[in-house]
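Spelled out from the first residue to the last, the chains are:
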Amino acid sequence: MIHATFYNYWLPSAIPILDHHLPVPVHENNPKEEWKESRLLTYAPDISCVQEMTLCIQDEECNRKLVPFVQSCSAPLCEERLCRLAARQFYSSLPEKVAEMLVFCQCMTDDQDCQQFQTLLNSNSCKQDRTEQWNCLEMLDNCTGEKICRKTFEAFLSKCFGAKDVSFIGYSTTDLLHVIDLNFFVSENKECRLAFVATVGSVLQSPCTCHGLDHHNLYRCNVLQQAIHNRSYFIPQGLKENLSSTKSKVKKSQQELSWLNDQLLYIVVAVCVVALVIIAVAISIIMHKLGKKHSLSKNSDSRFKPPEDSTKSLVL
């Protein structure tokens, strides 16, 4: 199995437990010395999380970086905080291209194996520390209450929503939310993509919901959730078209299979009905013949029969 490959490399020590407020190191523009031999640097993204994860596992350097991340985020024994720490360390150790390849991978809605990989890569595989899932506005309040997380979120707003020249000093959480306008989401911009990658391993990427909010808060919550959790915005147009085409082919194939199954069902039902009709007709014919034969036999028994010996007479 693929999972076994994660543990091909011996780890001399566990992941050091760092302060969760520490910033994620900035990616270097030039590949690090240890990555120069990696084929992932020249790989064209495939978009599938299964494919991207498999390539990382097969690459010696990526595999070595991946092992402690997987060990820290493997459910059900992992802790959410430690998993996020491991995710920050993992993605900060990757070249920009490799980090983007893994962060922005996608899955078909019915591909459960792929979705498990995606959940792990998003550092969401651990049981949450909270008893109930919080809403996304609470999540953002928690983030903006921490200096480093707030700085990460402000960088995301600055790079992705045309607010590069805006100072967010003194902005409330509500003020920050109003900066988000999905119509001006420059998700194809390189700086925006890297700013999003920097949010991985922070509380911003923890699962959240918008259920149970009033109309005004619901709208703002949905906008936030789309901006921070919907990674399909970051798929390049060409790959997005390929994904759409693949989904269409799968849907068409499923429809054709469903149609074929329906046709086979109709054929089976029709054959059964015809067989029942033939059996009914045969039984009817047999019953008719038996009834006719019985009738002839009865008529024959009721006819007058002369005495066997005509010379005999009745003696009184």
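Residues numbered from 1 in each chain as written. Predicted model: local features only at pLDDT ≥ 70, side-chain atom pairs only at ≥ 80, totals over all residues. Heavy atoms only, no water.

> Got a minute to help me understand the overall build of the protein in this structure?
Scanning the protein from N- to C-terminus turns up 11 helices and 0 strands. In the protein, the order of α-helices and β-strands from amino to carboxyl end is α-α-α-α-α-α-α-α-α-α-α. When each of the 316 residues of the protein is scored for burial, the buried share is 36%. A fraction of 75% describes how many contacts in the protein between residues 6 or more apart in sequence connect residues 24 or more apart. Carbon and sulfur atoms make up 57% of the accessible area of the protein, which amounts to about 19900 Å² in all. (Helix = DSSP H or I, 4+ residues; strand = E, 2+ residues; numbered from the N terminus. Buried < 20%, exposed > 50% of the residue type's maximum accessible area, 1.4 Å probe, protein only. Contact = heavy atoms within 4.5 Å. Areas by Shrake-Rupley, 256 points an atom, 1.4 Å probe, with all protein chains shown as cover.)

> Help me understand a nonpolar patch on the surface, please; the structure alone is not making it clear to me.
A contiguous nonpolar patch, built from Leu276, Ile279, Ile283, Ile286, Met287 and Leu290 and spanning about 610 Å² of accessible area, is present on the exposed surface. Here Ile283 shows up in helix 11 (residues 237–301). (Patch = residues over 30% accessible without salt bridge, like charges linked within 9 Å, V, L, I, M, F, W, Y side chains within 5 Å. Salt bridge = Lys/Arg side-chain N within 4 Å of Asp/Glu carboxyl O.)

> Where do I start with the pattern of salt bridges in this structure?
Side-chain pairing between opposite charges can occur once the charged atoms of the two side chains come close. Counted by the stated rule, this structure contains 10 salt bridges. Its salt-bridge partner being Arg150, residue Glu154 comes within 2.7 Å of it at the nearest N-O pair. Of this pair, Glu154 and Arg150 both sit in helix 7 (residues 147–160), separated by 4 residues, roughly a single helical turn. Judged by its relative accessible area of 18%, Glu154 is buried. Three or more residues joined by partner-sharing salt bridges are found here, namely Glu34, Glu61, Arg64 and Lys65.

> Looking at this structure, how should I read unusual backbone geometry?
The bulk of non-glycine residues show a negative phi, and the bulk of peptide bonds are trans. Look at Ser123: it is not a glycine, yet its phi comes out positive at around 60°. Tracing the chain through its elements places Ser123 in the loop between helix 5 (112–121) and helix 6 (136–144).

> What should I look at first to understand the environment of Arg84 in this one?
Here Arg84 is to be found in helix 3 (residues 80–92). By relative accessible area, which is 15% here, Arg84 ends up buried. Residues Arg84 and Ser206 lie 122 residues apart in sequence; the distance between their C-alpha atoms is 8.9 Å. Every residue in contact with Arg84, bar those within four places of it in the chain, is listed here: Gly201, Ser202 and Val203.

> Whenever I open this one, the state of the cysteines confuses me. Can you help?
In protein chemistry, a disulfide is the covalent bond that joins the sulfur atoms of two cysteines. Considering all chains together, one arrives at 8 disulfides under this definition. With a sulfur-sulfur separation of 1.9 Å, Cys56 is cross-linked through a disulfide to Cys62. Judged by the sign of its S-S torsion, about -90°, the bond between Cys56 and Cys62 is left-handed. Its relative accessible area of 0% is what places Cys62 among the buried residues. Disulfide partner of Cys107: Cys114, at an S-S distance of 2.0 Å. Negative torsions about the S-S bond denote left-handed disulfides, and the value of about -80° found for Cys107 with Cys114 makes this one left-handed. Side by side, Cys107 and Cys114 carry an identical accessibility label, which is buried. (Disulfide = S-S within 2.5 Å.)

> Explanation requested: the confidence of the model for the protein in the structure shown.
Regions with low pLDDT carry predicted coordinates that are not meant to be interpreted in detail. Overall, the predicted model of the protein reaches an average pLDDT of 77, with 69% of residues at or above 70. Across the protein, helix 6 holds the top mean pLDDT of 95, while helix 11 sits lowest at 61. Contacts from residues 1–26, a stretch scored under 50 in pLDDT, to residues over four places away or in other chains number 48 contacts. Here residues 249–257 is modelled with pLDDT under 50, and outside its nearest four sequence neighbours on either side it reaches 2 contacts, counting other chains as well. (pLDDT = per-residue confidence, 0-100.)

> For this particular structure, what's the right way to read the packing of aromatic side chains?
Given two aromatic rings, one states the distance between the centres and the angle between the planes to describe the pair. Enumeration over the complete set of coordinates arrives at 14 aromatic pairs. With a centroid separation of 6.2 Å and 90° between ring planes, the pair formed by Phe156 and Phe185 is classed as edge-to-face. Here the residue Phe156 occupies a position in helix 7, and Phe185 occupies one in the loop between helix 8 (173–179) and helix 9 (190–197), the gap between them amounting to 29 residues. Judged by its relative accessible area of 0%, Phe156 falls in the buried class. A centroid spacing of 4.7 Å and a plane angle of 20° characterise the contact between Phe161 and Phe185, whose relative ring orientation is stacked. Within this pair, whereas Phe161 is found in the loop between helix 7 and helix 8, its partner Phe185 is found in the loop between helix 8 and helix 9, the two being separated by 24 residues in sequence. For Phe161, a relative accessible area of 7% corresponds to the buried category. (Phe/Tyr/Trp six-rings, centres within 6.5 Å; stacked < 30°, edge-to-face > 60°.)

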